[in-house]
Structures are given as C-alpha cells and as structure tokens.
Amino acid sequence: MTEHQHILDIYGSISTKTGEMLEAARSSDWDRLVALEQDCRILIEALKRSDTSAGPSAFFAQKKVAFIRKVLADDAEIRKFTEPWMTQLEAYLGSARQESRLQRAYETDCGG
C-alpha cells in the first residue's frame, strides 16, 4: 500500500467513524458517542502524523476533499442532537449547584 493510499484509508476510517457517531447521537446513545469520539480522535492524530504532503494526483485531492466534506456534514448533524442535550445537562447541573448552595446556606444559618 502506498503512503497516499494509507492516508486515504485513514480519511475513510474517520468518515466511517463520524457516521457511527451520528447514529449514536440520533439514538441518544451518549456513552457510545463519547467512545466513538475517542476512537475518532486517535484516527485524527494518526492522520496528522501521516498527511504531510499535498498528494500525487487530482484523484487523491478529490477523495480527500470528499471525505472532509462528509466528516464536516456529519459533525454539523451530530451537533443538532448534542446541543439540546448539552443545554438540558447545563440546566440540570445549574439547578443542582443552586440546590447545593441553598443547602449550604441553610446549614450555615441554622447551625446545621
């Protein structure tokens, strides 16, 4: 396998992984999404080490751009699912913090 084919294979693996991440987000499987994101991060690090050249041909460049566009589209779609969930989580954590502060204040004022 040539170095350029190896690079395209990594791009393909990242593209596949972001597709799996999108499916996990669609099904609200947040634990799986996090695990897949970690897998994707490892692939991206491998890509950073490998993809140091512009590539030998227009075909290589076109494939690379196609993979990147698909990954970006998946990322945008994943955000549609994760942002509302993150907003709910932030609201929950905010109310939990407020409850904790109230409890501490009550304990302090009442000698608890």
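See the structure above.
Analysis parameters
Residues numbered from 1 in each chain as written. Predicted model: local features only at pLDDT ≥ 70, side-chain atom pairs only at ≥ 80, totals over all residues. Heavy atoms only, no water. Helix = DSSP H or I, 4+ residues; strand = E, 2+ residues; numbered from the N terminus. Buried < 20%, exposed > 50% of the residue type's maximum accessible area, 1.4 Å probe, protein only. Contact = heavy atoms within 4.5 Å. Areas by Shrake-Rupley, 256 points an atom, 1.4 Å probe, with all protein chains shown as cover. Patch = residues over 30% accessible without salt bridge, like charges linked within 9 Å, V, L, I, M, F, W, Y side chains within 5 Å. Salt bridge = Lys/Arg side-chain N within 4 Å of Asp/Glu carboxyl O.

Side note on the overall build of the protein chain
Turning to step 1, where the next piece is worked out: The helix and strand tally for the protein chain stands at three helices and zero strands.
Turning to step 2, where the next piece is worked out: Mapped in sequence order, the helices and strands of the protein chain form the string α-α-α.
Turning to step 3, where the next piece is worked out: Buried positions account for 27% of the 112 residues belonging to the protein chain.
Turning to step 4, where the next piece is worked out: Summarising the internal contacts of the protein chain: among those between residues at least 6 apart in sequence, 74% fall at separations of at least 24.
Turning to step 5, where the next piece is worked out: Surface accessibility of the protein chain: about 7900 Å² in total, with carbon and sulfur atoms responsible for 55%.

Some words on the side chain of Lys17
Turning to step 1, where the next piece is worked out: Within the secondary structure, Lys17 is located in helix 1 (residues 3-26).
Turning to step 2, where the next piece is worked out: Apart from the residues lying within four places of it in its own chain, the contact partners of Lys17 are Leu36, Asp39, Cys40 and Leu43.

Some details on a nonpolar patch on the surface
Turning to step 1, where the next piece is worked out: Taken together, the side chains of Trp85, Met86, Leu89, Tyr92 and Leu93 present a nonpolar region at the surface, about 450 Å² in accessible area.
Turning to step 2, where the next piece is worked out: The topology assignment puts Trp85 in helix 3 (residues 58-109).

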